[in-house]
Every structure is written in C-alpha cells, then in structure tokens.
Amino acid sequence: MMSIQRLPLQTNAEILLLLSLQIASYRVEAELIGFEDIPPLKDGIDSIRKAEETFYGYFVQDENETKLAGAISFAREGSVITICRMMVHPNFFRRGIARSLLQHILMDQEKEGALLFLVSTGTANLPAIQLYQSFGFTLKRVFTVPPGVCLSTFERPASHS
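Residues numbered from 1 in each chain as written. Predicted model: local features only at pLDDT ≥ 70, side-chain atom pairs only at ≥ 80, totals over all residues. Heavy atoms only, no water.

Q: What is the right way to look at the packing of aromatic side chains in this model?
A: By convention here, two paired aromatic rings are described through the distance between centres and the angle between planes. For the coordinates displayed, the defined rule picks out 2 aromatic pairs. Here the aromatic rings of Tyr-132 and Phe-137 are separated by 5.7 Å at their centres, their planes lie at 65°, and the arrangement is edge-to-face. Each of the two residues, Tyr-132 as well as Phe-137, counts as buried. Seen from the ring of Phe-143, Arg-141 lies directly overhead, with NZ or CZ sitting 4.2 Å from the centre. (Phe/Tyr/Trp six-rings, centres within 6.5 Å; stacked < 30°, edge-to-face > 60°. Buried < 20%, exposed > 50% of the residue type's maximum accessible area, 1.4 Å probe, protein only. Lys NZ or Arg CZ within 6 Å of the ring centre and 35° of its normal.)

Now the structure itself:
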C-alpha cells in the first residue's frame, strides 16, 4: 500500500519527518559525489518552513505503520517547473519511489500548463542522472561549484508541447 500526497509542512513534527528523510537521503548523495557540504544537509525547521517549494511525499505501509519513504519538491515560475529536491530513504532504495514521485509531478504540472521542467544533480550521481534521462531530460550544462564539485543541469519540455 502506497500513496503520494502533498505535504502540508505546517507543524514542526511534519517538518522534522521530512528533514530526517532528507538527511538520510542526501547523506548518500554526498557520499556519491564526494562532497559533504551540500545545501540539503544544512536545512533545519526554519529553512524548510521558508522554502518556496511545493513538497509531495511518498508514503508506504510498513509493518502496520505508515512511513514517509520518499519526497520531491518543486518550484514554479510561470510555466517552468524546477525540481528542487528528490529524496528516498536508503531503506527504500530501488523500489521505484523516485520514479513514481517524478512521474506524479510531471503529469500533475503538465495538466496545470507547465511547459518546461528543470533539474540539477551532482554529476557523479549516476542513479539520479539515469532516472532523469529515462524521463526524457537532456543535459544542458555542467558546472563546477567550489570546492571542485560538478553539478549537471537537465531540462525536458512538457510532453504536450
């Protein structure tokens, strides 16, 4: 049993649930790209509360308990959607959760008139890059951020455009 739902993130408890998922997920990315200082690992209750992003969570039923197994966030500017965060708890890797979340946002936002989707990830994060490419995202640029970490930006037009 699973469901994808918008995360209200109104209470500290709701935000802490997301933060514990985010930290577990982004620690793995930090290891993959060889850089511990990535911004999602610095978030706290206040920065999540102030984030101008829409968050959706992927919930699973696990031993009679509902758990937040993954989450995605995006920001919208006109008809352009930027995927800001994609996270899956390491205990739930390789179960299609990131794929389901991404598909949900692409379909939902295309219905809302989105024309272009953007996403960035660490160039060394091959699982993320393979996921985005499997949805038709194409590499637009690679850039280096101090201290020598490479990020790749991908884009994809809406399927109805």
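Q: What's the story with helix H3 (residues 97-111) in this structure? I'm lost.
A: Over its 15 residues, H3 extends 21 Å from the first C-alpha to the last, a length consistent with the 21 Å expected when each residue adds 1.5 Å. Those residues of H3 lying buried are Ile-97, Ala-98, Leu-101, Leu-102, Ile-105, Leu-106, Gln-109 and Glu-110. Backbone geometry just after H3 places Gly-113 at a positive phi near 95°. (Helix = DSSP H or I, 4+ residues; strand = E, 2+ residues; numbered from the N terminus. Expected span 1.5 Å × (residues − 1).)

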